Amino acid sequence: MANGAILTAEQERKLRQPIDEYVGKIQKEIDELREHGTAEVIEYQNLIANVKRDKTLSKGEKESEIKEFEAKLSQAKAVEAQNKDKVAKLISDAESYLKENFEKLYYNAVKESCEAEKAKALEDHKQRLAQLEKEHKEALAGMSDQVEIKEENYVHKNRISNEKLELEKENQRIKDRKHDAFTYKYHLIDLLRLSEFTFAEEVAQKWENYKYTFNRRSFLLQNGLYIAIILIFVALCVITPIKKGTPLLTYNNVLNILQQASPRMFLALGVAGLILLTGTDLSVGRMVGMGMTAATIIMHQGINTGTVFGHTFDFTNIPVGGRVVLALVVCIVLCTVFTSIAGFFTAKFKMHPFISTMANMLVIFGLVTYATKGVSFGSIEATIPNMIIPKVNGFPTIILWALAAIIIVWFIWNKTTFGKNLYAVGGNPEAAAVSGISVFAVTLGAFIMAGILYGFGSWLECARMVGSGSAAYGQGWDMDAIAACVVGGVSFTGGIGKISGVVTGVCIFTALTYSLTILGIDTNLQFVFSGIIILVAVTLDCLKYVQKK
């Protein structure tokens, strides 16, 4: 060894030589056994697949070639089966050798060498910093002109920064060396087993790759907010039993949180698609109020006591099931009409969604308030909630509605052309347009999808609250939906976001609000908490964007 425990490249190669020779000899034997067996099986399988895909061949030609390849494939499989036990024994022998000797003969020495290299790199770094500081002070001692002093300070600062970068580069080189040594074992196993790893080996490789790529700054930018919220929630779980005498994390409380989160999930999923396009929607809360009002009127218990534009509606002559369906259709149509209007102005005239949805918000609230005189329409038929969202052994099935919405929207985002176009337009609309994607259609489609989700959400909220629809209902829900998306990682920079993040954001906000309410925290202070969380979330999002740029 050189410099104590530090290995040179040549010394490292010599340490690995016995392993290479032993395993290499076995690998050569395995390759010879596989030559007319496994290797030909893979070759003929690929040839058959290529023939099936080849559109230049006639049906007869395809059948002829496939028949020929299948005959050869059968022969290769027979050879493979004949040599299977021999190959398995050789692989087992090589793996036993690696298990017993890889770390002992090679990896542990490299690991110690890397630790010694890191220590030496740090010591050298400190010495160079001390030398730079000494030279800087000597240079300043011979200067009197302020401009020269300022320039010297600037140069010294740059030298310090360069020295830190050199240390980072050296540490990364050492990290690469250690990582390469670790992965060499799995490279040998990969060749032996043709890329077939055990579960434990896959976990070991993933954990090593995670440690190798881990960056503290990136980790905190990605997860800092979640860590802070978890700590707050843990603190609330500790404080609640002390102040209220009951634990916070009970089965019923968790179900209540999920039950409250379910209608809001629809709203957040809707607005997430718009944020993905660098937009937003300020009319979500008013959509909920409009949908709740319409649903309550249709599903009202008896004749409506309130009026719409001076007219009293009576739907009691329609069967309850028909009224439920009609209420859903009306909610979806109303919400979709208004989101389509906002989407049209956004897509056609490049109007910012902030303006188009704010106009929607004002129009909806004004119309609904004027039409209904701002009154609440009371309760719906008592049997309807049990039809739509019954409780099965105490479990609220409204959660299943939200789960279905999550699955459907996830599928749309990740498995459809529209979803891929959504990400493309959000990331770079100009490039998307050049590649043949209709930015107008994608934008309008995102608004229409949002309207459908808002309609479903307001209908479910009406069933959950047993009516009580009014123009004022849903106030502030737009901010909650937007905040949930931002906390969940849907970026306002566009083209970045996951459904899992939206779900996490909704659950976080609902759980936090529920916990603060149980503790008796004033509603106004809850807005302060929400505002701080939004501010921190957007700040972290901006920092991630700057780092990416």
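Residues numbered from 1 in each chain as written. Predicted model: local features only at pLDDT ≥ 70, side-chain atom pairs only at ≥ 80, totals over all residues. Heavy atoms only, no water.

### With respect to the overall build of the protein
Heads up, the rule is: For helices the rule is a DSSP run of H or I covering at least 4 residues; for strands it is a run of E covering at least 2, with both sets numbered from the N terminus onward. We call a residue buried when its accessible area falls under 20% of the maximum for its residue type, exposed when it is over 50%, and partly exposed in between, using a 1.4 Å probe and counting protein chains only. Pairs of residues are marked as contacts when any of their non-hydrogen atoms sit within 4.5 Å. The positive count covers Lys and Arg only, the negative count covers Asp and Glu only, and His and the chain ends enter neither. For the purpose of locating charges, the reference atoms are NZ of Lys, CZ of Arg, CG of Asp and CD of Glu.
Each helix and strand in the protein was counted, giving 18 helices and two strands. In terms of its C-alpha atoms, the protein occupies a principal-axis envelope of roughly 95 × 95 × 60 Å. Residues classed as buried in the protein amount to 40% of the 549 residues present. Long-range contacts, defined here as pairs at least 24 residues apart, represent 78% of the contacts in the protein between residues at least 6 apart. Counting 57 positive and 54 negative side-chain charges, the protein places the centres of these two groups 6 Å from one another.

### Topic: helix 7 (residues 251-276)
Filter applied, for reference: What the bend at a residue measures is the angle between two axes, fitted to the seven residues ending there and to the seven starting there.
The sharpest bend along helix 7 reaches about 40° and sits at P263. A large share of helix 7 lies buried, amounting to 19 of its 26 residues. One or two residues past the end of helix 7 sits T278, with phi positive at roughly 65°.

### Considerations on the UniProt feature "transmembrane region" (unreviewed entry) in the protein
To keep it simple, the criterion reads: UniProt positions are given in the numbering used here, feature names are shortened, and annotations may be inferred rather than shown by experiment.
The residues that UniProt annotates with the feature "transmembrane region" (unreviewed entry) are residues 224-242, 262-284, 324-345, 392-413, 433-456, 499-521 and 527-546. Split by type, residues 224-242 is 100% helix and 0% strand. Its first and last C-alpha atoms lie 28 Å apart. Taken end to end, residues 433-456 is 83% helix and 0% strand, and its two terminal C-alpha atoms sit 32 Å from one another.

### Examining the packing of helix 7 against helix 15 (residues 439-464)
Spelled out, the test is: Where helices are involved, their axes are fitted lines through C-alpha atoms of the stretch in contact, as for all axes, and angles between N-to-C directions lie from 0 to 180°. Throughout this description, any angle smaller than 35 degrees is read as roughly parallel, any larger than 145 degrees as roughly antiparallel, any in the 65 to 115 degree range as roughly perpendicular, and the remainder as oblique. Each residue is assigned to one class: nonpolar for Ala, Val, Leu, Ile, Met, Phe, Trp, Tyr, Cys and Pro, charged for Asp, Glu, Lys and Arg, and polar for all the others, Gly among them.
Running from amino to carboxyl end, helix 7 crosses helix 15 at an angle of 170°, the nearest separation of the two axes being 8 Å. On the basis of their axis angle, the class for helix 7 and helix 15 is roughly antiparallel. On helix 15, the residues touching Q259, Q260, P263, F266, L267, L269, G270, V271, G273 and L274 of helix 7 are A446, F447, A450, L453, Y454, F456, G457, L460, E461 and R464. Along the lines of polarity and charge, the residues of the contact of helix 7 with helix 15 split into 13 nonpolar, five polar and two charged.

### A closer look at helix 8 (residues 284-298)
Using the following cut-off: Helices are assigned an expected span. That span is 1.5 Å times one less than the residue count.
Here helix 8 spans 21 Å end to end across 15 residues, near enough to the 21 Å set by a 1.5 Å rise per residue. Counting buried positions along helix 8 gives 15 out of 15 residues, so the element sits mostly inside the fold.

### Let's talk about the layout of surface pockets
Definition in use: Cavities and pockets were defined on a 1 Å grid built over protein atoms only: a cavity is a set of grid points that admits a 1.4 Å probe from which the probe cannot escape, a pocket is an open set flanked by protein on both sides within 12 Å along at least five of seven lines, and lining residues are those with an atom within 4 Å of any such point. Grid points are joined across faces, edges and corners, and a volume is the space filled by probe spheres set on the points.
For the largest pocket, the calculated volume is near 710 Å³. Forming the boundary of the largest pocket are 29 residues, of which R264, W477, D480, T513 and F527 lie nearest the centre. In terms of residue class, the lining of the largest pocket is built from 14 nonpolar, 11 polar and four charged. The calculated volume of the second largest pocket comes to roughly 560 Å³.

### Observations concerning the pattern of salt bridges
Keep this limit in mind: When a carboxyl oxygen of Asp or Glu is within 4 Å of a side-chain nitrogen of Lys or Arg, the pair counts as a salt bridge.
Going through the model one piece at a time under the given rule, you end up with 15 salt bridges. In this structure, E95 and R193 form a salt bridge, with 2.4 Å as the shortest nitrogen-oxygen distance. Highlighted residues: E95 in helix 3 (residues 59-141) and R193 in helix 4 (residues 146-193), separated in sequence by 98 residues. The class of E95 is partly exposed, set by a relative accessible area of 24%. When the shortest N-O distance is used, the salt bridge between R264 and D480 registers 2.9 Å. Pair noted here: R264 is in helix 7 and D480 is in helix 16 (residues 477-487), with a separation of 216 residues, a long-range link. On the basis of relative accessible area, D480 is assigned to the partly exposed category, the value being 27%. Connected through shared salt-bridge partners, E12, E117, E170, R173 and R177 make up one network.

### Overview of a nonpolar patch on the surface
Formally: A residue counts toward a patch only above 30% relative accessible area and without a salt bridge, and it is joined to like-charged neighbours within 9 Å or, for Val, Leu, Ile, Met, Phe, Trp and Tyr, to nonpolar neighbours within 5 Å. Only the protein chains shown count as cover for residues, and all accessible areas are computed by the Shrake-Rupley method using a 1.4 Å probe.
The grouping of V325, V329, V333, V337, I341, F344, F345, F349 and F440 at the surface amounts to a nonpolar patch, some 760 Å² of accessible area in total. No other element matches the eight residues that helix 9 (residues 320-349) contributes to the nonpolar patch. Mapping I341 onto the fold places it in helix 9. On the basis of relative accessibility, which here comes to 38%, the residue I341 falls in the partly exposed class.

### Some points on the UniProt feature "coiled-coil region" (unreviewed entry) in the protein
Annotation from UniProt places "coiled-coil region" (unreviewed entry) at residues 115-177. The straight-line gap between the two end C-alpha atoms of residues 115-177 is 11 Å; of that span, 94% is helix and 0% is strand.

### Observations regarding the packing of helix 16 against helix 17 (residues 499-518)
In plain terms, the rule: Should the near helix be turned anticlockwise from the far one by less than a right angle, the crossing is left-handed, and should it be turned clockwise, the crossing is right-handed.
Packing of helix 16 against helix 17 leaves a shortest axis separation of 7 Å and a crossing angle of 125°. Viewed along their axes, helix 16 and helix 17 adopt a mutual orientation that is oblique. Taken as a pair, helix 16 and helix 17 cross one another with a handedness that is right-handed. Along the contact surface, helix 16 presents A483, A484, C485 and V487, while helix 17 presents G501, V502, G505, V506, I508 and F509.

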